[in-house]
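So the chains spell out like this:
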Amino acid sequence: MAEKAAWSVSSCKSGNGVQALRDDNLNTNWQSDGAQPHSVNIQFQKKVKLQLVVLYVDFKLDESYTPSKITIRSGDGFHNLKEIKTVELSKPVGWVYIYLSGTDPKETFINTFMLQISILSIHLNGRDTHLRQINPDRTQFLSNLFSSLRRNSLLTLL
C-alpha cells in the first residue's frame, strides 16, 4: 500500500531525501533542511484503512536531530488535513508505534487518502530533524522488520 503512495517532504538535505525513509535501512535517514515544522506527506491513490504509523528514531545516534513532538494529520488532501494524534518522545531509540485511532476501543482504524507527519519540536532545541524509517502499514512493517533483522544478523530463523 505505502509503495504505491506519493511521498514528499517539506525539505531535505542533499543525499538525505524521502527515499531514505523507505529503504529498509536503519543506517540511512531523512534530514530536513529548513524552517520548522518539518513534514512528511503520504498521499494514497485510493482511500486506505490504517491502524498505526511506525517510525524508527535513534536519539543515541541523532541527538539534537531527534524529534521530541510529532503530530499526525489525516484527510483527503492538503486542503482538509485534521490533526488526529500528537505524540511526545523522550530520547527515543528504536521503533515508535503511533496508533491512529481515537480513545474508543471500537475505533481501531482510520480511513484516509493522506497522512501528514509533522515534527513540531526537536530534542536539545535542534533545528533540523532525522527520521530513519516510516511505515504507515503494519503488515508491510512487520515484513520489513523481519527482513531487516535477518539482513543485520539480529534474527535467525529456525
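Above this note sits the structure.
Sequence order sets the numbering: in each chain, residues are counted from 1 along the sequence as written. Since the coordinates come from a predicted model, pLDDT governs what is reported: local features require at least 70, and pairs of side-chain atoms require 80 or more to be given and counted, while whole-chain, interface and lining totals use all residues. Hydrogens and water are ignored here; the side-chain numbers use all heavy atoms of the structure.

Trainee: I'd like to hear about the sheet that holds strand S3 (residues 38–50), residue by residue, with values.
Mentor: One key point about sheets: their strands pair by backbone hydrogen bonds, in either a parallel or an antiparallel sense. In short, DSSP must find at least two bridges between two strands for them to pair. The helix count covers DSSP runs of H or I at least four residues long, the strand count covers runs of E at least two residues long, and both are numbered beginning at the N terminus. Taken in spatial order, the five strands of this open sheet run S1-S3-S8-S5-S6, and their pairing is antiparallel. The sheet is open, and its two edges are formed by strand S1 (6–9) and strand S6 (82–88), each paired on a single side. Going from strand to strand, the sheet's axes swing by 20° on average, the running direction of each strand aside. Note: strand S5 (residues 67–75) against S6, six bridges, orientation antiparallel. Axes here mean lines fitted to C-alpha atoms, for a helix over just the part in contact, with angles spanning 0 to 180 degrees between N-to-C directions.

Trainee: How would you sum up the sheet that holds strand S4 (residues 52–58)? Please name residues and give values.
Mentor: Read from one edge of the open sheet, three strands run S7-S4-S10, paired in antiparallel fashion. With one partner strand each, in any of the chains shown, strand S7 (93–99) and strand S10 (133–135) form the two edges of the open sheet. Going across the sheet, the axis of each strand differs from the next one's by a mean of 15°, ignoring polarity. In this sheet, S10 lies alongside S4 in antiparallel orientation, the contact comprising three bridges. When the sheet's bridge partners are listed, Tyr-56 is paired in S10 with Gln-133.

Trainee: Run through the environment of Tyr-65, naming residues and quoting values.
Mentor: Structurally, Tyr-65 can be placed in the loop between helix H1 (59–62) and S5. Along the backbone, Tyr-65 and Ser-121 are 56 residues apart, and their C-alpha atoms lie at a distance of 9.7 Å. Residue contacts for Tyr-65: discarding those within four places in its chain leaves Gln-31, Ile-122, Asp-128, Thr-129 and His-130. The contact criterion used throughout is that any non-hydrogen atoms of two residues lie within 4.5 Å.

Trainee: So what about the pattern of salt bridges? Which residues, and what values?
Mentor: Note that side chains of opposite charge can pair when their charged atoms are close. When a carboxyl oxygen of Asp or Glu lies within 4 Å of a side-chain nitrogen of Lys or Arg, that pair is called a salt bridge. Scanning the model with the defined rule gives two salt bridges in all. Where Arg-132 meets Asp-62, a salt bridge forms, and the shortest distance between an N and an O atom there is 2.7 Å. In this pair, Arg-132 is assigned in the loop between strand S9 (130–131) and S10 and Asp-62 in helix H1, connecting sequence segments 70 residues apart. We note that Arg-132, like Asp-62, is buried. Measuring nitrogen to oxygen at the nearest pair gives 3.9 Å for the salt bridge that ties Glu-88 to Lys-69. A 1.4 Å probe rolled over the protein chains alone gives each residue an accessible area, and that area as a share of the maximum for its type sets the label: buried under 20%, exposed over 50%, partly exposed in between.

Trainee: Explain the nonpolar core to me, using residue names and the numbers behind them.
Mentor: For this analysis, a nonpolar core means a set of buried residues of the types Ala, Val, Leu, Ile, Met, Phe, Trp, Tyr and Cys, connected via side-chain atoms within 4.5 Å. Grouped together as the largest cluster of nonpolar side chains are 26 residues, with contacts concentrated most on Val-40, Ile-42, Val-53, Leu-55, Ile-117, Leu-131 and Ile-134. The contacts of Val-40, once residues within four sequence positions are left out, are Trp-7, Ser-8, Val-9, Leu-21, Trp-30, Leu-115, Gln-116, Ile-117, Leu-131 and Ile-134.

Trainee: Could you give an account of the pairing of S3, with specific residues and numbers?
Mentor: In the sheet, S1 pairs with S3 via four bridges, with the strands oriented antiparallel. Of the residues in S3, the one forming a bridge with Val-9 is Val-40. Where S3 meets strand S8 (residues 110–122), nine bridges bridge the pair, whose relative direction is antiparallel. Residue pairing across strands places Lys-49 opposite Asn-111, the latter belonging to S8.

Trainee: If you had to explain the environment of Leu-55 to someone new, which residues and values would you point to?
Mentor: Relative to the helices and strands, Leu-55 resides in strand S4. Not counting the four nearest positions on each side in its chain, Leu-55 is found in contact with Ile-70, Gly-94, Trp-95, Val-96, Ile-98, Ile-117, Gln-133 and Ile-134.

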